[in-house]
There are 2 protein chains.
Amino acid sequence: MAEKKEAKETKETKATKGEAKAQEELGGNYVFIGKKGAMAYVLAVVTQFGAGAKEVIVKARGKSISHAVDVAEIVKNKSPEVSIKSISTSTEEVVTMDGRPLKVSAIEIVLKK
Amino acid sequence: MAEKKEAKETKETKATKGEAKAQEELGGNYVFIGKKGAMAYVLAVVTQFGAGAKEVIVKARGKSISHAVDVAEIVKNKSPEVSIKSISTSTEEVVTMDGRPLKVSAIEIVLKK
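The present account deals with the structure reproduced in this document. Small disclaimer: the values here were computed from a predicted structure and weren't measured.

**Here we look at the relation of the copies chain A and chain B**
Mapping between the two chain copies consists of a rotation about an axis together with a translation along that axis.
Turning to step 1, where the next piece is worked out: Take chain A, turn it by 180°, move it 0.1 Å along the axis, and it overlays chain B with an RMSD of 0.4 Å. Both copies are brought into coincidence by an operation consistent with a two-fold rotation axis. Closest approach to the rotation axis within chain A is made by the C-alpha atom of A:Ser66, at a distance of 2.8 Å.
Turning to step 2, where the next piece is worked out: Taken as a fraction of all interface residues of chain A, those also at the interface in chain B reach 100%, which identifies the copy contact as same-surface.

Take a look at the structure:
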């Protein structure tokens, strides 16, 4: 079980690095939604806007998708100058330890100031 | 505080009704995502497209949001003629049994054929 998680993590780390690099080129900022409380990510988004970012991209996979929407809605409702520029969904594939491919949905919410 | 929230609710109810009406005029169809398995809702969406609908709107609140994205992605990946037209999020307010107002995020995914 522990090994299974590790394998998944490695692949995810690679994907994350690739995306982060692509995003750096675009000058944007990603906030990846995980298992912390929503306010931790709200703070991360607000901090990035405070540091001068024009756009912050909130990204999540699987069950965290609903938290990504929560974070985007909280930031939008608290800061009138922030709005949702676009939302896109996609399907990503991870491979479990027993070799089964597993499809997970992902969401990207672009917030702009 | 309570009055303020109530006022908001009324406003949202109106907005929701307005949307439903507008959608009826467009001949669209809503699929509300609840606690069933994703495939039940995929079937509902596919059935509506099969019955001649040009657009089907997948709607969910709270934790069901991630399932709504799953449903939209599954339909899109299985049917090449279906695509995601737009995605929008909102905050809705419900009142819990003990009278506390509770904000929940909601998502609407418009699928078109």
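There is more to say, and it comes next.
**Section: the nonpolar core**
In summary, soluble globular proteins display a tendency toward joint burial of nonpolar side chains.
Turning to step 1, where the next piece is worked out: If you look at the biggest cluster of nonpolar residues, it comprises 42 residues, and the most contacted ones within it are A:Ile107 and B:Ile107.
Turning to step 2, where the next piece is worked out: Residue assignment for this core shows that the elements contributing at least two residues are α2 (38-50), β2 (55-61), α3 (65-78) and β4 (101-112) of chain A together with α2 (38-50), β2 (55-61), α3 (65-78) and β4 (101-112) of chain B.

**Some words on the interface of chain A and chain B**
Turning to step 1, where the next piece is worked out: Listed by partner, the interface residues are 18 residues for chain A and 18 residues for chain B.
Turning to step 2, where the next piece is worked out: Interface area for chain A against chain B, summed over the two sides, is near 1,300 Å², with a carbon-plus-sulfur share of 56%.
Turning to step 3, where the next piece is worked out: The tally of links between chain A and chain B comes to 0 salt bridges.
Turning to step 4, where the next piece is worked out: Linking chain A to chain B there are 10 residue pairs in polar contact (both at pLDDT 80 or more).
Turning to step 5, where the next piece is worked out: Secondary structure elements with two or more residues in the side of chain A that touches chain B: α3, β3 (83-95) and β4 of chain A.
Turning to step 6, where the next piece is worked out: In terms of residue count, α3(A) provides more of the side of chain A that touches chain B than any other element does, 7 residues in total.

**Thoughts on the pattern of salt bridges**
Residue and element names in this part refer to chain A.
Turning to step 1, where the next piece is worked out: Counted by the stated rule, this structure contains 12 salt bridges over all chains.
Turning to step 2, where the next piece is worked out: In this structure, the salt-bridge partner of Glu55 is Lys85, at a minimum N-O distance of 2.7 Å. You can see Glu55 sitting in strand β2 and its partner Lys85 sitting in strand β3, a full 30 residues away along the chain.
Turning to step 3, where the next piece is worked out: Across the salt bridge formed by Lys59 and Glu92, the nearest N and O atoms sit 3.0 Å from each other.

**Things to note about α2(B)**
All names here are of chain B.
Turning to step 1, where the next piece is worked out: The end-to-end C-alpha distance of α2, which contains 13 residues, comes to 18 Å, matching closely the 18 Å that a straight helix rising 1.5 Å per residue would cover.
Turning to step 2, where the next piece is worked out: Taken together, the buried positions of α2 are Tyr41, Val42, Val45 and Phe49. Summarising the axial view, the buried residues of α2 lie within an arc of 105°, below the 170-degree limit, and thus occupy one face. Of the residues in α2, the exposed ones pointing more than 90 degrees away from the buried face are Leu43 and Gly50.
Turning to step 3, where the next piece is worked out: The inward-facing, buried residues of α2 abut β1 (29-32), β2, α3 and β4.
Turning to step 4, where the next piece is worked out: Once α2 finishes, Gly52 follows within two positions and takes phi at roughly 105°, a positive value.

Scoring rules and cut-offs
- Residues numbered from 1 in each chain as written.
- Chains lettered and ligands numbered in written order.
- Predicted model: local features only at pLDDT ≥ 70, side-chain atom pairs only at ≥ 80, totals over all residues.
- Heavy atoms only, no water.
- Least-squares fit on C-alpha atoms with pLDDT ≥ 70 in both.
- Contact = heavy atoms within 4.5 Å.
- Core = buried A, V, L, I, M, F, W, Y, C linked by side-chain atoms within 4.5 Å.
- Buried < 20%, exposed > 50% of the residue type's maximum accessible area, 1.4 Å probe, protein only.
- Helix = DSSP H or I, 4+ residues; strand = E, 2+ residues; numbered from the N terminus.
- Buried area = accessible area lost by both parts, 1.4 Å probe.
- Salt bridge = Lys/Arg side-chain N within 4 Å of Asp/Glu carboxyl O.
- Polar contact = N/O pair within 3.5 Å; in protein donor to acceptor, adjacent residues only side chain to side chain.
- Expected span 1.5 Å × (residues − 1).
- Arc of directions from axis to C-beta.

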